[in-house]
Amino acid sequence: MLLVILLPAVIDLSGYKGKIEGFISESLGREVTIKKIRLSILKGIGVEMKEIRVGKDPDLIHMESMMIKVSLLPLLKGRVEMTGVLMQNVRIFFPKDPVEKKEEGNERKIIISRLYLPLTSLSSRLTEFKRFKAELYKGSLLGDLRVEKKEDVSYNLVHNIEKVELEQLIKNALSQSTGSSGKVTISGPLKLDGNLKGIGNNLERLEGSGTINVGKGKIKGIEITDIIGSIGIVTTKRHISLTDFDRITGHYSIEGGYLKTEDLEMFGKDLYLKARGSYGLVNSRLDFLVKGHVIDIPVEIKIEGTSSNPKYYLKTRGIEKKVIEGLGKGKIEKKEINEVLKGIFKK
């Protein structure tokens, strides 16, 4: 026990910082810099590193700290045998589109508060982590990760995400500042199962598929819901809820730089919507067709533009028909609907 306590004083790793940076850089195929490095015994024998950066211009990953856990006996003989890796406050950055690059501090990223990778196998070309665990956005991620180095670094990730706070994830991934106005946000607990394959941080070469489920939550920032809601109120004579939903479910696929879905459904007390279309992971382009109904009012919306500047086109034929029926049957008065119709039906 005394020997273990004295290890940090006996073994000084600061002189090996350059070699360790070089080894990790060669393994990942990216420049790696480490601010501090030392031997630690507080959470098991390991090599503790502070302020690690992977990649340069642009940065790919920032880590507040990384602890490489090692076996004691080989270490005493001058060999380092890794048994696992513990990372804290990991920020993974994504490429920006040409418009975003003009804006300083507008970073697209995912933040992982804690990540533990139990090492399964390690070689100069192949590293595998089975059943690794991560904590992010108040939820958890379990998965298997395989990293292979050839001309570039490729990875294969099978994952299960549970109870992730979706609103903050979206704000970070789409580079939205907290409290920003005019942005579409979706809240609720996210469950995601699927797989991802990619090369480096090239989102155009990312492939994957899986299922998505979001529990009870809210959707905000879509002005068109206010318009539809106003129509619903005057036709039903009661308050209706378009921001609240009970669940969102569907399947997704990723290919050629686009996230696609054919069957994303939203269920709520007063609405049902089904969406199909795509989102550009690199260019942030939106191309979705949403169909469904609010109460008994048919709804069809085309969504285009970008995530930072979405454009909505509401097809009004079904709504017009419903309003005209209500006027004809005396359920609503013309003066009640005039303000709602203004600018929508071009009257």
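Residues numbered from 1 in each chain as written. Predicted model: local features only at pLDDT ≥ 70, side-chain atom pairs only at ≥ 80, totals over all residues. Heavy atoms only, no water.

What follows covers the overall build of the protein. In terms of regular secondary structure, the protein is built from seven helices and 19 strands. A burial count over the protein gives 40% of its 347 residues as buried. Summarising the internal contacts of the protein: among those between residues at least 6 apart in sequence, 45% fall at separations of at least 24. Summed over all atoms, the accessible surface of the protein reaches about 19,700 Å², with 55% contributed by carbon and sulfur. (Helix = DSSP H or I, 4+ residues; strand = E, 2+ residues; numbered from the N terminus. Buried < 20%, exposed > 50% of the residue type's maximum accessible area, 1.4 Å probe, protein only. Contact = heavy atoms within 4.5 Å. Areas by Shrake-Rupley, 256 points an atom, 1.4 Å probe, with all protein chains shown as cover.)

Before going further, it helps to spend a moment on the pattern of salt bridges. Per the counting criterion, the structure on display carries 11 salt bridges. Taken together, the shared-partner salt bridges in this structure form one network comprising Arg 38, Glu 48 and Lys 50. (Salt bridge = Lys/Arg side-chain N within 4 Å of Asp/Glu carboxyl O.)

What follows concerns the sheet that holds strand E13 (residues 244-245). Sheet architecture is open: three strands sit in the order E9-E12-E13, paired in antiparallel fashion. Either end of the sheet is taken by a strand with one partner, and the two such strands are strand E9 (185-186) and E13. Pairing of E9 with strand E12 (residues 217-220), which is carried by two bridges, proceeds in the antiparallel orientation. Its bridge partner lying in E12, Ile 186 is registered against Ile 219. (Pairing = 2+ DSSP bridges.)

Here we come to unusual backbone geometry. A positive phi angle, near 50°, is found at Tyr 137, a position not held by glycine. Inspection of the secondary structure puts Tyr 137 in the loop between strand E6 (126-136) and strand E7 (139-149). Phi at Ser 284 takes a positive value of approximately 65°, unusual for a residue other than glycine. Along the chain, the position of Ser 284 falls in the loop between strand E16 (271-280) and strand E17 (286-294).

Bringing the nonpolar core into the picture now. Counting 63 residues, the largest nonpolar core has Met 49, Met 66 and Met 87 as the members making the most contacts within it. With residues up to four places along the chain from it excluded, the contact list for Met 87 reads Met 63, Ser 65, Met 66, Ser 113, Arg 114, Leu 115 and Leu 117. (Core = buried A, V, L, I, M, F, W, Y, C linked by side-chain atoms within 4.5 Å.)

Another aspect to go through is the environment of Gly 256. Locating Gly 256 in the fold gives a position in the loop between strand E14 (247-255) and strand E15 (258-267). Sequence-distant contacts of Gly 256, defined by excluding residues within four places in its chain, comprise Glu 204 and Leu 206.

A separate point is the confidence of the model for the protein. Summing up the model confidence of the protein, the mean pLDDT is 78 and the portion of residues at 70 or higher is 70%. Every residue in residues 178-182 is under pLDDT 50, and counting partners more than four places away or in other chains gives three contacts. (pLDDT = per-residue confidence, 0-100.)

Glancing now at the packing of aromatic side chains. Centre distance and the angle of the planes are the two values used to describe a pair of aromatic rings. Under the definition given, this model contains one aromatic pair. Arg 247 extends its terminal NZ or CZ atom over the ring of Phe 267, reaching a point 3.9 Å from the ring centre. (Phe/Tyr/Trp six-rings, centres within 6.5 Å; stacked < 30°, edge-to-face > 60°. Lys NZ or Arg CZ within 6 Å of the ring centre and 35° of its normal.)

Our focus in this paragraph is the side chain of Ser 307. Residue placement: Ser 307 occurs in the loop between strand E18 (297-305) and strand E19 (310-315). Residue Ser 307 is classed as buried on the basis of its relative accessible area, which comes to 16%. In contact with Ser 307, not counting residues within four places along its chain, are Leu 174, Tyr 279, Ser 284 and Leu 286.

Right, let's get into helix H4 (residues 166-173). Most of H4 is tucked away, with six of its eight residues classed as buried. For H4, every residue scored as buried is listed here: Leu 166, Leu 169, Ile 170, Lys 171, Asn 172 and Ala 173.

Below, the discussion takes up the environment of Arg 53. Along the chain, Arg 53 turns up in strand E2 (residues 46-54). Take Arg 53: its relative accessible area is 40%, and that puts it in the partly exposed class. Separated by 18 residues in the primary sequence, Arg 53 and Lys 35 have C-alpha atoms spaced 8.9 Å apart. Among the polar contacts made by the side chain of Arg 53, one reaches the side chain of His 62 at a distance of 3.0 Å. (Polar contact = N/O pair within 3.5 Å; in protein donor to acceptor, adjacent residues only side chain to side chain.)

Attention shifts here to the environment of Leu 119. Positionally, Leu 119 belongs in strand E5 (residues 109-122). It is 5.0 Å that separates the C-alpha atoms of Leu 119 and Phe 129, two residues lying 10 residues apart in sequence.

Topologically, Asn 172 is positioned in helix H4. Taking the relative accessible area as the measure of exposure, Asn 172 reaches 8% and is therefore buried. Here the side chain of Asn 172 touches Tyr 137 through a polar contact of 2.8 Å, side chain to side chain. Setting aside residues up to four positions removed in sequence, Asn 172 forms contacts with Glu 107, Arg 108, Lys 109, Ile 111 and Tyr 137.

Pairing analysis gives nine bridges linking E6 to E7, with the strands arranged antiparallel. Along E7, the bridge assignment pairs Thr 127 with Val 147. The antiparallel pairing of E6 with E7 creates a hairpin that spans two residues between the two strands, and Tyr 137 there sits at a positive phi of about 50°.

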